[in-house]
Amino acid sequence: MPPEVLGIVFSCIFIPAAVSLAFSMIQKATVKCSKTVTNKSFVVMNSYIMTAIGALDAIACVIVLLAFTFTSEELPHLVFYIVFGLFFWFGIYIVVETLCFKVIVKNKTITVCKKFRKPFTFTFDDIVFAVRKVSRNRYKTEKIEIKTNSGKKVTVENNEISYYRLMNRIKEEVNAKFLHGFE
């Protein structure tokens, strides 16, 4: 494989990842949330363990890509770069998702931050539909899907930090006719 093609392949893998990470860091820096956690003020977000898993995946893929590229007598096939490029992107996706997704609750105001979208704010009074879905598998995973009167939607899952605080606040603050699956 000519060096020009190799440069194009590496550029296609690494430049978009660097740009998406930069944008996620900018978005994270613009949204401020309180460090103190109470039942009235908290943040629902993914665990930093997921960020570490995504970062380790991306780093391992980079190491394998670079090691095979520079230490092999013959350059690996293009399929090798595509497969490890996809695994690298999967790791970057996990990092960006965990860094960008937050649901910030301050008293009655809820601010939702998603990746590559402008944050939006609503109150508990704006919720017109909230359904709690519990799976029947052995892990008992559950999620809450929320829809507001402006049509905005957000889904939170029980593996996220402060999920149960949000569930209790929804039970307390939202009209019972809009709640489904909350016992």
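Residues numbered from 1 in each chain as written. Predicted model: local features only at pLDDT ≥ 70, side-chain atom pairs only at ≥ 80, totals over all residues. Heavy atoms only, no water.

**What to know about helix α4 (residues 163–173)**
Listing the buried residues of α4 in full gives Tyr163, Leu166, Met167, Arg169, Ile170 and Glu173. Around the axis of α4, the buried residues are gathered within 165 degrees of arc, so they sit on the same side. Packed against the buried residues of α4 are β1 (41–45), β2 (102–106), β5 (127–134), β6 (142–148), β7 (153–157) and β8 (179–180). (Buried < 20%, exposed > 50% of the residue type's maximum accessible area, 1.4 Å probe, protein only. Helix = DSSP H or I, 4+ residues; strand = E, 2+ residues; numbered from the N terminus. Arc of directions from axis to C-beta. Contact = heavy atoms within 4.5 Å.)

**Some remarks on the packing of aromatic side chains**
By the definition in use, this model includes six aromatic pairs. Pairing Phe120 with Phe122 gives two aromatic rings, centres 6.0 Å apart and planes at 20 degrees, and the pair type is stacked. For the pair Phe120 and Phe122, one class covers both residues: buried. Of note, Lys152 hangs over the ring of Phe120, and the distance from its end group to the ring centre comes to 5.2 Å. (Phe/Tyr/Trp six-rings, centres within 6.5 Å; stacked < 30°, edge-to-face > 60°. Lys NZ or Arg CZ within 6 Å of the ring centre and 35° of its normal.)

**Remarks on the sheet that holds strand β3 (residues 109–113)**
Read from one edge to the other, the open sheet built from four strands follows the order β1-β2-β3-β4, with strand pairing classed as antiparallel. Because the sheet does not close on itself, it has two edges, and the strands there are β1 and β4 (120–123). Taking each pair of neighbouring strands and ignoring which way they run, the sheet shows an average axis angle of 20 degrees. Two elements, β2 and β3, share five bridges in a ladder whose sense is antiparallel. Residue Lys106 lies in a different strand from β3, and its bridge partner there is Thr109. (Pairing = 2+ DSSP bridges. Axes fitted to C-alpha atoms, helices over the stretch in contact; angles between N-to-C directions.)

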